[in-house]
Amino acid sequence: MGSAVITARAAATFEPVGRSVATARAFVRDTLQGWGYNDVVDDAVVLTSELVTNAVVHAGTAADVLCLRTAEGVRVEVADHYPEREVPLQSSGIDFGSPDRENGRGLLLCAALASRWGVEYSPTRKHVWFQLDLPHRPVGIRSAGPVLPTSLLPVTDGRVRVAVVQIDGTGAISAWNDDATYVFGHTTEQVTGKQFTDFVAWPHTPGTSTGIADALRLSRWEGSYGVRGADGRTIAVYASHLRVRDNEGEPSTVCLLVRDDERAVLQSPVRAPVSDTSSDNRTADPFEVFIGSPAPDDLDGLLQRTVERARDMLDADAAFLLLATDDETELEVRATTGLPSARQRFARVPVEAGTGRYGSARMPAVHEDLTAVPGAVPLLTDTGMRSVVTVPLKVEGRLTGSLGVAAEGAGRYSNEEALRLQFAADRIALAVESARLGELERLRRGSLSFLVEASDLLAGTLDRDQTLALMAQMTVPTLATWCAVYTIADQSSEPYLSYVLHEDEDLIDGLKALLSTISPPDPVPTPGARVWAAPSEAGHRAALATSTRSLAYDAPLSMSTATRTTLATAQAVGGETVVLPLVARNRVIGMLTLGKPSDDHFRQEILELAEDLSRRAALALDNARLYSERMAISQSLQRSLLPPGLPAVPNVEIEVIYRAAGEGNEVGGDFYDVFPISDGAYGFAIGDVCGTGPEAAAVTGLARHALRLLAREGFGGPAVLERLNAAILDEGARSRFLTLLYGELWPQEDGSALLKVVCAGHPLPLRLRQDGSVEPAAEPQPLLGVLDDLELYEQEVVLDPGDVLLCVTDGVTERREGTRMLGDDGLAEVLATCTGLTAGAVAARILRAVERFAAEPASDDMAILAMRVPEPLLV
């Protein structure tokens with residue numbers, strides 16, 4: 001940072017996982033916004049995203065992010081723990097690569113966006129830092145005007161009343177002078193401590209987004225608004241705000257207010273100081289003469305100031321300013337004054353269409369009476385305006401906009417007024433174009449940051465419902481007031497309303513009900529946004545019908561909740577509604593519908609951003625659909641490999657617990673089965689195929705079905721396993737090793753159970769006697785799938801009443817915690833504590849012991865089969 005003094009710092013460390021990138025972006029955004037550095041937030045977020053991605057994704061290390069604040073700007077450092085990689089220096093001349101690559105763009109973006117940047121190495125880490133300087137915003141001073149004749153001085157009452165109001169950091173009134181009491185009628189005691197916004201009637205003027213709370217936070221602001229007096233009337237005032245701080249650093253705003261017709265007291269055009277030698281040499285900046293000083297530093301403020309000054313200059317009733325699109329084929333309404341609210345911002349009209357005023361937009365035009373040429377100026381239709389003068393705004397011969405003023409009377413303007421307005425337009429055209437380009441650059445950077453975060457969020461889920469919710473939540477309220485997502489299951493299906501969101505949650509149900517009553521938009525694959533009038537028309541019809549019923553049956557003050565909801569919904573959809581197709585893999589899979597409230601329009605830059613988002617969202621939604629379909633198929637196939645259920649074996653309790661490793665897996669390499677063979681005989685098996693996942697599950701299905709078939713053909717245990725071994729070897733490269741415990745069970749009349757078991761390479765079954773002793777119930781024999789010729793034998797086991805036979809797979813015995821393993825001995829110790837428990841309780845206790853043995857989730861398939869011969873009931 002050189003010699004700059006660091007006034008604040010914030011640091012955080014992010015783990016080497018994908019979600020850390022989004023967390024790091026949020027950290028930098030929150031930090032810089034908290035410092036009041038909104039001018040550089042978007043650039044900082046984009047650069048941080050790339051550098052943290054390099055650290056946690058490509059380098060695979062944790063990322064340390066440090067933000068440093070000075071009065072001139074901010075420095076952000078991103079460090080990883082992999083310093084061996086070579087990074088190009090700024091002056092090395094090495095090609096950074098294409099900006100379209102998926103990685104390696106961090107340094108390229110640093111070079112493009114940062115004021116300064118660099119790379120620093122240490123023995124254990126590498127730092128990449130960048131610095132963003134705040135844009136220069138001179139405060140400026142108001143020059144003293146020249147000596148004027150008395151006749152040219154502003155006219156005021158006998159005594160100039162300048163109300164001085166001071167607003168503290170919370171927005172409450174802390175000072176109120178005597179002139180404020182005279183002008184507004186409120187005493188100091190009545191207003192002190194109350195919110196200033198409680199007394200302000202702020203005009204909702206199209207063309208400016210600044211509210212009173214925003215104006216009070218600006219370092220300097222001038223403009224008109226209303227203050228409610230003690231008698232309830234609104235007094236129009238002209239105000240000048242100055243933001244200050246006291247000795248302790250607490251901010252407040254000093255407001256100087258005069259009646260609006262005395263605005264010249266606070267605001268007058270700047271004139272250059274009179275020369276000491278000759279008054280004929282004085283000059284003035286024509287732009288500041290027209291706009292006033294200081295000029296607004298934002299485009300909306302500049303445009304609104306322009307239309308107000310144009311209206312006043314020609315003593316008009318209304319004024320408007322439109323900006324041309326980049327291709328100059330359309331004009332977009334950006335600021336109006338004196339026109340109804342319907343003439344909202346961002347409405348578009350073609351430049352060359354029609355025979356009226358817009359057919360000659362590149363030249364000044366005067367209409368003495370619009371009633372004689374209806375539709376000549378579309379913006380003024382049904383406004384009551386009759387005479388109008390319009391002039392173009394041009395920069396280097398290129399049309400950049402149009403400025404017009406209008407009056408309610410006919411014949412008010414001539415060529416002389418057109419020349420005066422054209423002179424003013426020429427003075428401001430360059431400043432307007434410069435501010436417009438600056439706004440477009442800020443929008444571009446903000447859009448880049450928005451799309452980076454949107455892509456990250458959409459890529460983080462494969463759940464269809466969550467993807468739909470994310471699509472809507474990213475657009476509302478950032479891009480639109482409300483959003484509806486339609487989905488199309490297949491080419492033969494009609495669009496289905498899948499998700500609806502409004503920034504006011506109370507309107508969501510009403511909006512959903514309204515959209516359900518109208519036909520969905522046509523699934524047209526043509527890219528770009530198209531206007532959809534159906535919601536607005538349906539809302540208008542519903543509001544009209546509801547209002548008619550309300551007037552017929554209800555008193556005006558007894559409007560029902562349903563009526564209010566219908567009217568609110570109609571207003572919500574009363575503005576412009578656009579539809580963007582969701583196209584993925586050359587197929588329309590849905591539509592993204594965005595809407596504005598009454599009389600609002602979308603600006604083209606927002607629609608272009610929404611189109612970019614719709615492409616990303618469509619691919620994410622289609623990926624979620626494909627994933628869901630494949631998961632459903634996989635789970636259906638897996639469920640077909642599981643036994644249909646456990647048979648009821650007379651006088652024997654049987655319980656099975658099965659856990660497949662891996663997310664979404666219902667069947668893995670472990671399997672079990674219990675099935676009837678013939679009258680009085682039952683087969684049981686528990687096995688483990690080498691490996692996990694689909695390949696192991698395929699061998700699982702082969703083994704389970706072969707066991708049932710061979711056993712029911714009358715083969716004994718050794719013969720069943722030998723034939724299964726041959727079938728596994730026949731699979732060739734797809735074969736897997738298989739450990740298997742297979743047995744046959746015969747319940748006896750004396751209450752015991754006879755078992756014949758073969759243990760082919762499997763963990764030995766354990767027998768728990770009534771006295772608590774535990775012993776193996778079989779001997780180990782070779783596993784299946786290795787040798788061609790096996791010589792297996794079966795062993796007999798008799799379970800007495802109260803005895804338990806426990807069979808498990810190695811996912812139980814090989815449960816690990818560091819270097820510790822549960823093992824056969826650990827399993828026997830747990831089983832020894834299960835005397836007197838039912839088969840279900842024994843299996844549950846074994847599972848609980850396995851889960852508690854280690855903190856991490858099990859990474860191997862696991863099956864537990866418990867059989868118990870119950871003790872006879874005492875009579």
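Thresholds applied
Residues numbered from 1 in each chain as written. Predicted model: local features only at pLDDT ≥ 70, side-chain atom pairs only at ≥ 80, totals over all residues. Heavy atoms only, no water. pLDDT = per-residue confidence, 0-100. Helix = DSSP H or I, 4+ residues; strand = E, 2+ residues; numbered from the N terminus. Contact = heavy atoms within 4.5 Å. Buried < 20%, exposed > 50% of the residue type's maximum accessible area, 1.4 Å probe, protein only. Lys, Arg positive; Asp, Glu negative; His and termini not counted. Salt bridge = Lys/Arg side-chain N within 4 Å of Asp/Glu carboxyl O. Pairing = 2+ DSSP bridges. Axes fitted to C-alpha atoms, helices over the stretch in contact; angles between N-to-C directions. Core = buried A, V, L, I, M, F, W, Y, C linked by side-chain atoms within 4.5 Å. Phe/Tyr/Trp six-rings, centres within 6.5 Å; stacked < 30°, edge-to-face > 60°. Lys NZ or Arg CZ within 6 Å of the ring centre and 35° of its normal.

J.: How should I be thinking about the confidence of the model for the chain in this particular structure?
T.: Low pLDDT marks regions whose predicted coordinates should not be analysed in detail. Mean pLDDT over the chain: 80, with 83% of residues reaching 70 or higher. Per-element confidence in the chain ranges from a low mean pLDDT of 58 for helix 7 (residues 286-291) to a high of 95 for strand 31 (residues 804-808). Under a pLDDT of 50 for its full length, residues 139-144 has, in the predicted model, nine contacts with residues more than four places off or in other chains. Long-range and interchain partners of residues 204-209, a stretch whose pLDDT sits below 50, account for 19 contacts in this model, where long-range means more than four residues apart.

J.: Just checking my understanding: could you explain the side chain of R587 for this structure?
T.: Mapped onto the elements of the fold, R587 is located in strand 22 (residues 587-595). One buried charged side chain, R587, makes no salt bridge at all; its nearest oppositely charged neighbour is D622, positioned 4.1 Å away.

J.: Looking at this structure, I do not really get the sheet that holds strand 23 (residues 653-659). What am I missing?
T.: Across a sheet, strands are paired by hydrogen bonds formed along the backbone, either parallel or antiparallel in direction. Strand order in the open sheet formed by five strands is 23-34-31-28-29, and the pairing between neighbours is antiparallel. At either margin of the open sheet sits one strand with a lone partner, and together these are strand 23 and strand 29 (774-776). Strand-to-strand twist in this sheet, taken as the mean axis angle between neighbours without regard to direction, amounts to 20°. By the bridge criterion, three bridges tie strand 28 (residues 766-768) to strand 29 in an arrangement that is antiparallel. Within strand 29, the residue paired with L766 across the bridge is P776. Sheet strands touched by helix 18 (residues 823-832): strand 28, strand 29 and strand 31. Its angle to strand 28, the strand with the most contacts, is close to 25°.

J.: For this particular structure, what's the right way to read the pattern of salt bridges?
T.: Note on pairing: side chains with opposite charge can pair once their charged atoms come close. For the structure shown, the criterion picks out 24 salt bridges. Residue D312 is joined to R311 by a salt bridge in which the shortest nitrogen-to-oxygen separation is 3.3 Å. One salt bridge in this structure joins E775 and R769, with 3.0 Å as the shortest N-O distance. Its relative accessible area of 31% is what places E775 among the partly exposed residues. Taking relative accessible area as the criterion, R769 reaches 27% and is therefore assigned partly exposed. When salt bridges with common partners are traced through the structure, they connect R75, E77 and E120 into a single cluster.

J.: It is not clear to me how the environment of R767 should be interpreted in this structure. Could you clarify?
T.: The residue R767 is located in strand 28 in this model. For R767, a relative accessible area of 8% puts it in the buried group. In the structure, R767 is positioned 64 residues away from L831 in sequence and 8.9 Å away in space, judged by C-alpha atoms. With residues up to four places along the chain from it excluded, the contact list for R767 reads S773, V774, E775, A777, V797, V798, L799, D800, D803, V804 and L805.

J.: Could you clarify how one ought to interpret the nonpolar core in this entry?
T.: Taken as a class, soluble globular proteins show a tendency for nonpolar side chains to be buried jointly. Judged by nonpolar contacts, the single largest core of 49 residues is most densely connected at L458, M471, L515, L582, L594 and L613. Listing elements by their share of this core, those giving two or more residues are helix 9 (415-459), helix 10 (464-475), strand 18 (482-487), strand 19 (496-502), helix 11 (508-516), strand 21 (577-584), strand 22 and helix 14 (604-641). Tallying contributions element by element places helix 14 first for this core, with nine residues. The residues touching L613, leaving out its near neighbours within four places in the chain, are F450, L451, A454, L458, M474, T475 and L479.

J.: Just to check I follow, could you spell out the packing of aromatic side chains for this structure?
T.: A ring pair, where both rings are aromatic, is described by two values, the distance of the centres and the angle of the planes. Per the counting criterion, the structure on display carries four aromatic pairs. With centroids separated by 5.9 Å and ring planes inclined at 50°, the aromatic side chains of Y658 and Y672 adopt a geometry described as tilted. Here Y672 lies in strand 24 (residues 670-678) and Y658 lies in strand 23, a separation of 14 residues in the sequence. The class for Y672 is buried, based on a relative accessible area of 15%. For the cation-ring pair, R75 lies above W129, with the distance from its terminal atom to the ring centre recorded as 4.1 Å. Over the ring of F853 we find R820, and its NZ or CZ is 4.3 Å from the ring centre.

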